[in-house]
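A structural walkthrough
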Amino acid sequence: MFFSKSLAINFGLSIVALFVLALSSAAAQSSINVIIPKPQKLKQGKGIFLLDRQTRYLADTPLSNDALRYLQRQLQLTSGYTLQESPSPKKHILAFHYAPQKIKKPEAYHLHIDKKKILIEARDRAGFFYGVITLMQLMDPSIWQQKAAAVQKQCWQIPACMIEDYPRFRWRGMMLDCSRNFFSKAYVKKFIDRMAQQKLNRFHWHLTDDEGWRIQIRRYPLLTKIGAKRGPGTKLPFSTYPAMRGPKNRPQSGHYCQQDIREIVAYARARAIEILPEIDLPGHAKAAVISYPRLLQDPQDRSRYRSVQRVSNNTINPGMESSYLFLENVIAEVAALFPFGSIHLGGDEIPRGAWQKSPAVRKLMQQKGLKTTKAVQNYFFGRMDKILARHHRQMIAWQEVLEGRPKLRKDNIFMAWKSPKAGIKAIKNRRNIIMAPVAFLYFDQQYIRNKKEPGHTWSTPVSLQKAYSYRPAPHSPYLRGVEACLWSETLLNEQIADYLAWPRSFALAELAWTEPAHRNWDDFKKRVYGKGVQRLKAQQIHYRRPR
Ligand code: ACM
């Protein structure tokens, strides 16, 4: 009697054990569809790899160093150990293999995981880095914690799979406006790190605008002494429409010194991100103009105008040689700080009425035979293009610069931010274009129209689904990629910035990376509101919850 009862209990337990085993293997089976952006090719394998302190790594190339370091840092934080190297590991191995014969595309990688081995193959630093990012997305979301874990996780289950992956676009950008509201060095690093986690690779850093000049230029110290301060007791008022919704009763200031910038450039580089600095010219330049009025404005100019944001007299004068000398010196320092091949010179929203009563501009027009304001704008960007060429930099600018049909170097790139139509037309005219259409990719806009929602309201709302629905086209070598913009007029603090950026940045990442044939809204939504937001929570990112 006793015997048979215990048999029955044992039998019951084994059924439970079998059930649990079946469940956990089902969980392992279903757990590979968690990656954002979705890989181009993804196939389930059998079983799981257990990563723990016994796991060893092996690399036959220094190109995987950044990727390995990134993983090791997270393991140290969450598990309290890092992987040791072993030249001839028998089992439990994470291997990085340089495979230029097999992997032809830049930034591409293959990831093969079975019970015994994780193999990441690539041909460049970015490819190895993205292999590790995908690997970490296959791990428990707690791997993304940014603080040392109270309870350290010793063992990570990683489902077996085979992934072959590459990006659709080489330019996968995000812009953060640090002029309207200043963001600390620590937040800029966080922003860059979160981009890297989604395989975004161009951080467009909007460093100057009417409301603040945020980059130290040694030759012109007043740019940050005067131009980085706004509010009561400063020369730079809070701008009007509708820029600051926060407290206006105290001055604000902030800038990045050159050492900060070098640190941030290195931080981004270790995450396969290039930084595109933007010095917005000749409009959107109130901060520069009030800092050096004698160099940048014609004292005889009787023009009175306001920008679309209602900022008065905010434009650098293109008729004065001192403007070009100033800008050449600024560009020399910017080029020395940023090793990236391009500099963004703005060119957007030059106010109507600027320079019209400037004798210096009138003289320039006579001398050079320039008939219209657009012709003057072309002249200005022609000079700027030559300055950039002297510093071996491409020019990137907003689409308005193209509207005047300037004669510029062919390899320059333009950002189409208005309707996608204008961008498509420019692509047909063989201009290099990055698409950043306001209706889909301006993440400073509200998600939905509602008074309680943070964000701007001057364009249409951009829901997660709207952002995801964007189809960059046409297929062309002149379509260089896509970018989302986070202008900061309403970004009064980091929480608002996080909220507006997440989860929409997931949509940006997927439309920038994944071929259209592999994109699907329902599938995307499941990944976002499953592991996607769990990864955000692990990092305490203040994302917008669905409602
Ligand atoms: C822009 O939104 N003014 C580029």
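Given the structure is predicted, the values throughout are model-derived calculations rather than measurements.

With that settled, the discussion passes to the overall build of the protein. Looking only at helices and strands, the protein has 18 helices and 19 strands in total. Computed over C-alpha atoms, the radius of gyration of the protein comes to 26 Å, within 12% of the 24 Å expected from 2.2 N^0.38 for 547 residues, which places it in the range of a compact globule. With respect to the principal axes defined by its C-alpha atoms, the protein has extents near 110 × 50 × 40 Å. Every one of the 547 residues in the protein was classed for burial, and the buried ones make up 58%. Partitioning the contacts of the protein with sequence separation of at least 6, the portion at a separation of at least 24 is 73%. Placing the 88 positive and 42 negative side-chain charges of the protein at their respective mean positions leaves the two points 2 Å apart.

What follows deals with the packing of helix H4 (residues 185–197) against helix H16 (residues 494–501). Taken N-terminus to C-terminus, the directions of H4 and H16 make an angle of 15°; their axes are 12 Å apart at the nearest point. Viewed along their axes, H4 and H16 adopt a mutual orientation that is roughly parallel. When the axes of H4 and H16 are compared, the crossing they make is right-handed. Of H16, the residues touching H4 (which contributes Tyr187, Lys190 and Arg194) are Glu494, Ala497 and Asp498.

Turning to the side chain of lysine 286, a few remarks are in order. By the secondary structure assignment, lysine 286 is in helix H7 (residues 286–291). This buried residue, lysine 286, is left without a salt bridge; aspartate 210 holds the nearest opposite charge, at 7.5 Å.

The next subject is the packing of aromatic side chains. In the structure shown here, the tally under the stated rule is 28 aromatic pairs. Their ring planes at 50° and their centres at 6.0 Å tell us that tyrosine 292 and phenylalanine 326 sit as a pair that is tilted. On the criterion of sequence distance, the pair formed by tyrosine 292 in the loop between H7 and helix H8 (293–296) and phenylalanine 326 in helix H9 (residues 321–337) is long-range, its members being 34 residues apart. Neither residue differs from the other here; tyrosine 292 and phenylalanine 326 are each classed as buried. Taking 6.0 Å as the distance between ring centres and 40° as the angle between the ring planes, the aromatic pair formed by tryptophan 521 and phenylalanine 524 counts as tilted. One end of the pair, tryptophan 521, and the other, phenylalanine 524, are both in helix H18 (residues 521–538), 3 residues apart, so they sit about a helical turn from each other. A connected cluster of aromatic rings, assembled from ring pairs, spans Phe182, Phe183, Tyr187, Phe191, Phe203, Trp205, Tyr256 and Phe338. When the ring centre of tyrosine 267 is taken as reference, the NZ or CZ atom of arginine 271 above it lies at 3.6 Å. Geometry around tyrosine 468 places arginine 519 over its ring, the cationic atom sitting 4.7 Å from the centre.

A word on the packing of helix H17 (residues 504–513) against H18. Contact geometry of H17 with H18 gives a least axis separation of 11 Å together with a crossing angle of 120°. Taken as axis vectors, H17 and H18 run oblique relative to one another. In terms of crossing hand, the pair formed by H17 and H18 is right-handed. In contact with Phe506, Ala507 and Glu510 of H17, H18 contributes Phe524, Arg527, Val528, Gly532 and Leu536. Split into classes, the residues belonging to the contact of H17 with H18 amount to 5 nonpolar, 1 polar and 2 charged.

Read across the sheet, 7 strands follow the order S1-S7-S5-S6-S4-S2-S3 without closing on themselves; strand pairing throughout is mixed. Of all the strands in the sheet, just strand S1 (41–51) and strand S3 (84–85) have a single pairing partner and so form its edges. In the sheet, strand S2 (residues 56–59) pairs with strand S4 (residues 93–98) via 4 bridges, with the strands oriented parallel. In the sheet register, alanine 59 faces S4, and the bridge partner there is phenylalanine 96. Across the sheet, helix H3 (residues 125–137) touches S4, strand S5 (109–113), strand S6 (117–122) and strand S7 (156–165), and the angle it forms with S5 is around 40°.

Read around the closed barrel, the 8 strands follow the order S8-S9-S14-S15-S16-S17-S18-S19; overall the barrel is parallel. Each strand of the sheet is rotated relative to its neighbour by a mean of 30°, with strand direction disregarded. As defined by bridge partners, strand S9 (residues 202–206) adjoins strand S14 (residues 274–281) across 5 bridges and the pair is classed as parallel. Looking at the pairing, histidine 204 lines up with leucine 276 of S14. Where helix H13 (residues 420–428) meets the sheet, it contacts strand S17 (413–416), strand S18 (432–435) and strand S19 (479–486), and its direction lies at approximately 160° from that of S18.

Such a bond, covalent and formed between the sulfur atoms of two cysteines, is termed a disulfide. The tally for this structure, following the rule as stated, stands at 0 disulfides. Not part of a disulfide, cysteine 178 finds its nearest cysteine sulfur in cysteine 485, a span of 13 Å. Relative accessible area serves as the criterion here: at 0%, cysteine 178 is assigned to the buried category. By relative accessible area, which is 1% here, cysteine 485 ends up buried.

Before going further, it helps to spend a moment on the environment of threonine 490. Relative to the assigned elements, threonine 490 resides in the loop between S19 and H16. Residue classification places threonine 490 among the buried positions, given a relative accessible area of 6%. Linking threonine 490 and proline 299, residues 191 residues apart in sequence, is a C-alpha distance of 34 Å.

Mapped onto the secondary structure, glycine 347 falls in the loop between strand S15 (342–346) and helix H10 (359–368). Sequence separation between glycine 347 and phenylalanine 381 is 34 residues, and the spatial gap between their C-alpha atoms is 8.3 Å. If we skip the residues at most four places from it in the chain, glycine 347 touches Asp280, Leu281, Phe381, Trp398, Glu400 and Val401.

Right, let's talk about the nonpolar core for a bit. Note on soluble globular proteins: their nonpolar side chains tend to be buried together. Residues Ile118, Leu138, Phe203, Trp205, Ile215 and Phe338 are the most contacted members of the largest nonpolar core, which totals 149 residues. Aside from chain neighbours lying at most four places away, what touches isoleucine 215 is Leu207, Thr208, Thr224, Tyr256, Ile261, Ile279, Val334, Leu337 and Phe338.

This part takes up the side chain of serine 179. Note that serine 179 resides in the loop between strand S8 (171–177) and H4. Here the side chain of serine 179 touches glycine 212 through a polar contact of 2.8 Å, landing on its backbone oxygen. Contacts of serine 179, omitting those with residues within four sequence positions, involve His206, Thr208, Asp209, Glu211, Gly212 and Arg214.

Here we come to the confidence of the model for the protein. For the protein, the mean per-residue pLDDT works out to 92, and 92% of the residues sit at or above 70. For the protein, the element scoring lowest by mean pLDDT is helix H1 (residues 2–30), at 46; H3 scores highest, at 99. In this model residues 1–9 is a low-confidence stretch, pLDDT under 50, and it forms 0 contacts with partners more than four residues away in sequence or in other chains. Note that residues 15–29 has pLDDT below 50 and, in this model, 5 contacts with residues that lie over four places away or in other chains.

Right, let's talk about the pairing of S18 for a bit. In S18, alternate side chains face the same way, and those of Asn432 and Ile434 on one face and Ile433 and Met435 on the other are all buried. Pairing between S17 and S18: 4 bridges, direction parallel. Paired with methionine 415 across the bridge in S18 is isoleucine 434. With H13 bridging S17 and its parallel neighbour S18, the resulting β-α-β unit is right-handed. Relative to S19, S18 is paired through 3 bridges, and the arrangement is parallel. Bridging across to S19, isoleucine 433 finds its partner in leucine 479.

Conventions and cut-offs
Residues numbered from 1 in each chain as written. Predicted model: local features only at pLDDT ≥ 70, side-chain atom pairs only at ≥ 80, totals over all residues. Heavy atoms only, no water. Helix = DSSP H or I, 4+ residues; strand = E, 2+ residues; numbered from the N terminus. Rg over C-alpha atoms; globule rule 2.2 N^0.38 Å. Buried < 20%, exposed > 50% of the residue type's maximum accessible area, 1.4 Å probe, protein only. Contact = heavy atoms within 4.5 Å. Lys, Arg positive; Asp, Glu negative; His and termini not counted. Charge placed at Lys NZ, Arg CZ, Asp CG, Glu CD. Axes fitted to C-alpha atoms, helices over the stretch in contact; angles between N-to-C directions. Parallel < 35°, antiparallel > 145°, perpendicular 65-115°, else oblique. Left-handed = near helix turned anticlockwise from the far one by under 90°. Salt bridge = Lys/Arg side-chain N within 4 Å of Asp/Glu carboxyl O. Phe/Tyr/Trp six-rings, centres within 6.5 Å; stacked < 30°, edge-to-face > 60°. Lys NZ or Arg CZ within 6 Å of the ring centre and 35° of its normal. Nonpolar A, V, L, I, M, F, W, Y, C, P; charged D, E, K, R; others polar. Pairing = 2+ DSSP bridges. Disulfide = S-S within 2.5 Å. Core = buried A, V, L, I, M, F, W, Y, C linked by side-chain atoms within 4.5 Å. Polar contact = N/O pair within 3.5 Å; in protein donor to acceptor, adjacent residues only side chain to side chain. pLDDT = per-residue confidence, 0-100. Right-handed = clockwise from strand over helix to strand, strands pointing away.

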